[in-house]
Amino acid sequence: AAYLFGRVLGLRVVPAVVTSAAFSLSGWFFLYSNNHFSRSYVFLPLLFLLVELVLRSPGFLPVFGLAVAVATNIYIGMPEASLFVLGAASVYAAVRLVQERVATPLRTSLARLGGAGLLGLMLASPLLLLFAEYESLSFNLHKSQFERGSEAAPPWNLLHWIVPWFPEGAGAPPVNWVGVTVVVSALVAVSGHEETKRLHAWLFVVLGVLLLVKIYDFEVLE
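Residues numbered from 1 in each chain as written. Predicted model: local features only at pLDDT ≥ 70, side-chain atom pairs only at ≥ 80, totals over all residues. Heavy atoms only, no water.

Draft legend 1. Quick look at the confidence of the model for the protein. Mean pLDDT for the protein: 78, with 67% of residues reaching 70 or above. Of all helices and strands in the protein, the one with the weakest mean pLDDT is helix α9 (residues 180-189) (60), whereas helix α5 (residues 61-75) scores best (96). (pLDDT = per-residue confidence, 0-100. Helix = DSSP H or I, 4+ residues; strand = E, 2+ residues; numbered from the N terminus.)

Draft legend 2. Expanded view of α5. Here α5 contains 15 residues, and its C-alpha end-to-end distance of 21 Å stays within 8% of the 21 Å for a straight helix at 1.5 Å per residue. Taken residue by residue, α5 has P62, V63, L66, A67, A69, V70, A71, N73 and I74 as its buried positions. Buried residues belonging to α5 abut α4 (39-56), α6 (79-99), α7 (106-123) and α8 (125-137). (Expected span 1.5 Å × (residues − 1). Buried < 20%, exposed > 50% of the residue type's maximum accessible area, 1.4 Å probe, protein only. Contact = heavy atoms within 4.5 Å.)

Draft legend 3. Inspection of a nonpolar patch on the surface at higher detail. Nonpolar side chains collect at one region of the surface, where F60, F64, V68 and L123 lie side by side and expose about 360 Å² of accessible area between them. Within the element layout of this structure, L123 appears in helix α7. Of the residues examined, L123 reaches a relative accessible area of 37% and is grouped as partly exposed. (Patch = residues over 30% accessible without salt bridge, like charges linked within 9 Å, V, L, I, M, F, W, Y side chains within 5 Å. Areas by Shrake-Rupley, 256 points an atom, 1.4 Å probe, with all protein chains shown as cover. Salt bridge = Lys/Arg side-chain N within 4 Å of Asp/Glu carboxyl O.)

Draft legend 4. Summary view of the packing of α4 against α5. For the pair α4 and α5, interaxial distance at closest approach is 9 Å and the crossing angle is 160 degrees. Viewed along their axes, α4 and α5 adopt a mutual orientation that is roughly antiparallel. The hand of the α4/α5 crossing is left-handed. Two secondary-structure elements touch here, α4 through S40, F43, L46, L47, L50, V51, L53 and V54 and α5 through P62, V63, G65, L66, A69, V70, T72 and N73. Taken together, the residues of the contact of α4 with α5 sort by class into 12 nonpolar, four polar and no charged. (Axes fitted to C-alpha atoms, helices over the stretch in contact; angles between N-to-C directions. Parallel < 35°, antiparallel > 145°, perpendicular 65-115°, else oblique. Left-handed = near helix turned anticlockwise from the far one by under 90°. Nonpolar A, V, L, I, M, F, W, Y, C, P; charged D, E, K, R; others polar.)

Draft legend 5. Structural detail: the nonpolar core. Of all hydrophobic cores here, the largest spans 34 residues; its most connected members are L47, F48, V51, L66, Y92 and L113. Elements that contribute at least two residues to this core include exactly α4, α5, α6 and α7. Among the elements that line this core, the one with the most residues is α4, at 10 residues. Beyond its immediate stretch of four places on either side in the chain, L113 contacts V51, V54, L55, L66, A93 and L97. (Core = buried A, V, L, I, M, F, W, Y, C linked by side-chain atoms within 4.5 Å.)

Draft legend 6. Main features of the pattern of salt bridges. One pass over the structure, following the stated rule, counts three salt bridges. A salt bridge links R56 to E52, with the nearest nitrogen and oxygen atoms 2.7 Å apart. Highlighted residues: R56 and E52, both in helix α4, separated by four residues, approximately one helical turn. For R56, a relative accessible area of 43% gives the class partly exposed. By relative accessible area, which is 0% here, E52 ends up buried.

Draft legend 7. Representation of the side chain of E100. By the element assignment, E100 lies in the loop between α6 and α7. Here E100 falls in the buried class, since its relative accessible area comes to 17%. In this structure the side chain of E100 is engaged in a polar contact, spanning 2.8 Å, whose partner is the side chain of R96. (Polar contact = N/O pair within 3.5 Å; in protein donor to acceptor, adjacent residues only side chain to side chain.)

Draft legend 8. Summary view of the packing of aromatic side chains. Across all of its chains, the model carries five aromatic pairs by this definition. Their ring planes at 50 degrees and their centres at 6.1 Å tell us that Y41 and F84 sit as a pair that is tilted. Here F84 lies in helix α6 and Y41 lies in helix α4, a separation of 43 residues in the sequence. Geometrically, the ring pair formed by F48 and Y92 is tilted, given 4.8 Å between the ring centres and 50 degrees between the ring planes. Placement of F48 in helix α4 and of Y92 in helix α6 is noted, with a sequence separation of 44 residues between them. Overall, Y92 belongs to the buried group, its relative accessible area being 0%. Cluster of aromatic residues (ring-pair linked, three or more members): F5, F48 and Y92. (Phe/Tyr/Trp six-rings, centres within 6.5 Å; stacked < 30°, edge-to-face > 60°.)

Take a look at the structure:
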């Protein structure tokens with residue numbers, strides 16, 4: 001999915017392959033690979049790809065595909081991961097909606113994207129309705145009255161984004177430098193067309209920075 005997304009954006013074959021490698025070798029996949037919800041993050045490039053196809057193609061198939069992808073991501077069953085993945089896809093869709101307003105009428109694109117999202121939520125409604133009832137009755141550490149997220153993910157965990165399993169003390173596993181390839185691969189991957197960098201690269205930089213600031217709680221986004 002990451003390779004196809006890169007190709008649709010105009011990346012040549014080698015940068016698109018490197019992009020997919022950078023995505024699949026990122027720290028989160030290393031850290032979460034033993035958890036079932038790591039599959040949720042696989043939907044990031046898939047949703048981005050389908051958003052592009054919905055905006056670029058007049059057919060119904062991309063709209064239906066986007067709806068199924070939204071529902072499937074929710075059915076994985078990890079609310080936090082789904083919220084992040086679908087949230088990131090929504091931000092991407094909103095930006096691309098504005099960028100493509102000249103090529104495609106804004107009303108048409110909004111109806112197609114909104115319809116896909118609504119259909120996806122309807123397909124996932126059997127699980128969402130159960131979750132809505134359960135969450136109100138549950139005790140969890142995500143309620144607003146509990147501590148900040150940085151208590152669970154301290155700022156030095158930022159290094160996990162680059163070097164998975166960075167040692168944190170005595171008995172910790174050795175440094176795994178595979179994560180460094182992600183940075184190198186990302187630099188190679190941005191060697192695509194000027195249009196790709198102009199329309200998309202800055203968006204992913206902004207999303208990444210906001211996500212880091214939020215997760216590691218540098219007292220900016222409480």
